[in-house]
Amino acid sequence: MKVFTISVPSPLTLWTTVHSVGVFNVTCSFVALALRWRLKTTQLRGPPRTSFIYGVSHDLTSSQDSAGMYEHWATEYGVAYMIPSVLGQTKIVLCDPRAIAHFYAQETWTYVQTPLSLVTLEAFIGRGLLWSQGEDHRRQRKALTPAFSNAAIRKLTSVFYDSAYKAKGAWDIAVESSKDGDSVIEVQNCLDTIGIAGFSHDFGSLDGKRASVTEVFDTFGNNQQASALNQVLLLLASVYPIIIKIPTERSNLIEKLGVAMEKISDELLTRSRREKDVNMSERDEKSVIGLLIKSEGQDAELRMSGEEIMAQMKVLLLAGYETTSSELIYCLLLWTLIELSRHPDIQTRLREELLAFGGEPTYDQLKANLPYLDAVVHENLRLHPPLGEFTRLAAKDDVIPLSEPVRTESGEMTDSITVAKGTLITIPVAAINRSSAIWGPDAKEFKPDRWLSEDGISHRHLLTFADGPRTCLGKDFAITEIKTVLSVLVKNFVFEMRDGQDTPVEVVRGIFPRPRVVGEDGIGVPLRVHRCE
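Just so it is clear, the model here is predicted, and its values are computed rather than measured.

Calculation rules
- Residues numbered from 1 in each chain as written.
- Predicted model: local features only at pLDDT ≥ 70, side-chain atom pairs only at ≥ 80, totals over all residues.
- Heavy atoms only, no water.
- Helix = DSSP H or I, 4+ residues; strand = E, 2+ residues; numbered from the N terminus.
- Buried < 20%, exposed > 50% of the residue type's maximum accessible area, 1.4 Å probe, protein only.
- Contact = heavy atoms within 4.5 Å.
- Areas by Shrake-Rupley, 256 points an atom, 1.4 Å probe, with all protein chains shown as cover.
- Phe/Tyr/Trp six-rings, centres within 6.5 Å; stacked < 30°, edge-to-face > 60°.
- Lys NZ or Arg CZ within 6 Å of the ring centre and 35° of its normal.
- 1 Å grid on protein atoms, 1.4 Å probe; cavity = no way out; pocket = protein on both sides within 12 Å on 5 of 7 lines; lining within 4 Å.
- Points joined across faces, edges and corners; volume = space filled by probe spheres on them.
- Nonpolar A, V, L, I, M, F, W, Y, C, P; charged D, E, K, R; others polar.
- pLDDT = per-residue confidence, 0-100.
- Patch = residues over 30% accessible without salt bridge, like charges linked within 9 Å, V, L, I, M, F, W, Y side chains within 5 Å.
- Salt bridge = Lys/Arg side-chain N within 4 Å of Asp/Glu carboxyl O.
- Pairing = 2+ DSSP bridges.
- Core = buried A, V, L, I, M, F, W, Y, C linked by side-chain atoms within 4.5 Å.
- Axes fitted to C-alpha atoms, helices over the stretch in contact; angles between N-to-C directions.
- Parallel < 35°, antiparallel > 145°, perpendicular 65-115°, else oblique.
- Left-handed = near helix turned anticlockwise from the far one by under 90°.
- Expected span 1.5 Å × (residues − 1).

Moving on, we get to the overall build of the chain. Within the chain, the regular secondary structure consists of 20 helices and 12 strands. Buried residues in the chain amount to 53% of all 533 residues. Counted over contacts in the chain with a minimum sequence separation of 6, partners at least 24 positions apart contribute 74%. With the model as given, the accessible surface of the chain reaches about 24700 Å², and the carbon-plus-sulfur share is 56%.

Moving on: the packing of aromatic side chains. Taken as a whole and judged by the stated rule, the model has 13 aromatic pairs. Ring centres of W73 and Y81 lie 6.3 Å apart, and the angle between their planes is 75 degrees; this geometry places the pair in the edge-to-face category. Note on Y81: relative accessible area 0%, which makes it buried. Each ring, one from F103 and one from Y104, has its centre 5.6 Å from the other, and the planes form 75 degrees; the classification is edge-to-face. Take F103: its relative accessible area is 0%, and that puts it in the buried class. Linked through ring pairs, Y70, W73, Y77 and Y81 together constitute an aromatic cluster. The ring centre of W439 lies 5.2 Å from the NZ or CZ of R382, which sits over that ring.

What follows covers the side chain of E71. Note on placement: E71 falls in helix α3 (residues 66-77). Here E71 is in contact with A431, R434, S435, S436 and K444, once residues within four sequence places are set aside.

As a volume, the second largest pocket reaches approximately 280 Å³. Lining the second largest pocket are 16 residues, with A74, V79, C95, S435 and A437 positioned closest to its centre. The set of elements that each furnish at least two residues to the lining of the second largest pocket consists of α3, β6 (398-407), α18 (429-433) and α19 (436-439). Split by residue class, the lining of the second largest pocket holds 8 nonpolar, 5 polar and 3 charged.

A word on the confidence of the model for the chain. When pLDDT is averaged along the chain, the result is 79, and 74% of the positions lie at 70 or above. For the stretch residues 1-18, pLDDT sits under 50, and the model shows 1 contact to residues farther than four places along the chain or on other chains. Below pLDDT 50 for its whole length, residues 320-327 participates in 38 contacts with residues either more than four positions away or in separate chains.

Here we come to a nonpolar patch on the surface. A contiguous nonpolar patch, built from F52, I53, L87, Y240 and I242 and spanning about 580 Å² of accessible area, is present on the exposed surface. Note on placement: I53 falls in the loop between α1 (11-40) and α2 (57-62). Relative accessible area serves as the criterion here: at 37%, I53 is assigned to the partly exposed category.

What follows deals with the pairing of strand β1 (residues 80-84). Counting buried residues in β1 gives 5 out of 5 residues, a clear majority hidden from the surface. Burial along β1 is two-sided: the face carrying A80, M82 and P84 and the face carrying Y81 and I83 are both buried. One ladder, built from 5 bridges, connects β1 with strand β2 (residues 90-94); its direction is antiparallel. Across the sheet, the residue bridging to A80 is L94, located in β2. Following β1, the chain reverses through 5 residues before pairing antiparallel with β2; L87 in that reversal takes a positive phi of roughly 50 degrees.

Ranked by size, the top nonpolar core spans 50 residues in total, and within it L350, L373, L486, F495, V525 and L527 carry the most contacts. If you list the elements that add at least two residues to this core, you get α7 (150-177), α14 (306-342), α15 (344-357), α17 (371-383), α20 (475-492), β9 (493-497), β10 (505-509) and β12 (527-531). Element by element, the count of residues in this core is highest for α14, at 9 residues. Ignoring sequence-local partners within four residues, the contact set of L350 consists of L340, Y372, L373, V376 and V490. Counting residues in hydrophobic clusters, the runner-up holds 25 residues, among them A80, I92, F103 and L402.

This paragraph deals with the sheet that holds β12. Read across the open sheet, the 3 strands follow the order β4-β12-β9; overall the sheet is antiparallel. Both outer strands of the open sheet, β4 (182-185) and β9, are each paired with one neighbouring strand and no more. With direction set aside, neighbouring strand axes in the sheet form an average angle of 30 degrees. When β9 meets β12, the two strands line up antiparallel, connected through 5 bridges. Considered in β12, the bridge of M497 is made with L527.

Right, let's talk about the packing of α15 against α17 for a bit. In the contact formed by α15 and α17, the axes pass within 8 Å of each other and the chain directions differ by 140 degrees. Relative to α17, α15 is oriented oblique. Both α15 and α17 take part in a crossing whose hand is left-handed. Facing α15, whose interface residues are I346, R349, L350, E353 and L354, α17 presents P371, Y372, L373 and V376. Class assignment of the residues belonging to the contact of α15 with α17 gives a composition of 7 nonpolar, no polar and 2 charged.

Looking now at the environment of G468. When you line up the elements, G468 lands in the loop between α19 and α20. For the pair G468 and Y104, spaced 364 residues apart in sequence, the C-alpha to C-alpha distance is 4.9 Å.

What follows covers α20. For α20, spanning 18 residues, the distance from its first C-alpha to its last is 26 Å, which sits close to the expected 26 Å at 1.5 Å a residue. In terms of residue burial, α20 counts as a mostly covered element, since 15 of its 18 residues are buried.

Applying the stated criterion to the full structure yields 16 salt bridges. Residue D172 is joined to R531 by a salt bridge in which the shortest nitrogen-to-oxygen separation is 3.2 Å. Of the two residues, D172 sits in helix α7 while R531 sits in strand β12, which places them 359 residues apart along the sequence. You can call R531 partly exposed: its relative accessible area is 31%. With a closest N to O distance of 3.0 Å, E379 and R450 form a salt bridge. Here E379 is found in helix α17, whereas its partner R450 is found in the loop between α19 and α20, with 71 residues between them in sequence. The burial state of E379 is the same as that of R450; both residues are buried. Several salt bridges share partner residues, and in doing so they unite E379, R382, D442, K447 and R450 into one network.

Right, dumping it as structure tokens:
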């Protein structure tokens, strides 16, 4: 009788076989995707790789003038080019107006958030408006739009003035208490504006109190050694987003920020819902959250559930504080005052316009009757956008038209580029806002007159607030707030750089870039302030 034996492989042998097959399959899939990408995507020229690991990404993130690097490459390689990125990745950079218009028109559908952006945004604010894409983004945006309408902002203008005059009062005291009639002031009063106007929550920064949210935001960027480590981790996370979850000082700050925002959101939602069926105060009715709560009973298409409102609260608290109040009031207002301090003639001209107008301009007058104020604000938005660049991922194949032809890697000329699904597209906002090709030879200068002269610029379009379906909802809110605060402060005070007009200022990378005097610790640029005679 013949006995048959069956050889049973050991667990180690099975694991080795499966592991080998798995690695083989993954490798084949990767090679196939890479080959498809190369065949389907127009291969453009671009700068050489300066690092085997980072490509040119580390050069860009560590530079004080990444916008200048992007513009230099556009001059050398054309309005669309490729740059080597982290661990073999490649990005297409668009500096062409027609290509960018096409890109923005397709955003949220064809061009979507990268995996790193999704992981980061979810950690910051949850799955709200900034995180959502496609149909979810359209629905959430439509529900929030009434809170940022012209009518809503018109009602909020008086609240902006209240906060601006509160700042004026605090600065009056500081100037009066000084011996020589001036005072060195840190412009860190602006959280109150979004606190009162946006959420009926007074963060107390004008009263000398330190809110937990304020402390967390101010901590970002202070530790430069930790910031350098975070920079490296973020670069690697663009390929492996899971890296973002590694415990670091930054991730701990993000967690602390989440706890602080959750606490404030709970407080505001509880109070607002409790007062929903009672007579709301006038201030509460003017707040963003007040308008959102009121919208629950309106047309079903605009209704938002309690869970959705909670998600949007964190979006608005983060974006409202850091983008509207901190970056476009604290940071942007600070940049405006820095520019006015560097250009006393422009500051004087602005003050003369505001004094000649007299009184407090209404919302409509701020938009239409103070052209030089409008020019100063837009020129500052042009030169100092809170986000210098952003990257999206192509969710499907596409063809991007160009307004002028570019030379491909093979030497051929083309007036359009094909991009395969999975292609990374970067829009260098700061570079485009300062491009000499678009804005003229004086593009790097702070020159508000370019917005007033018919031949000064050929358009009044900025990428500072993005464009298309994802244009910043708070754009008009932010601009109105900036104009209101400036109209009060510039009429009443003269601003100078503490150490003279030529004081060097650098950009510190926190959650968003902020100005700082070169060689000093912390964040911010102290200004010397005295009363206007």
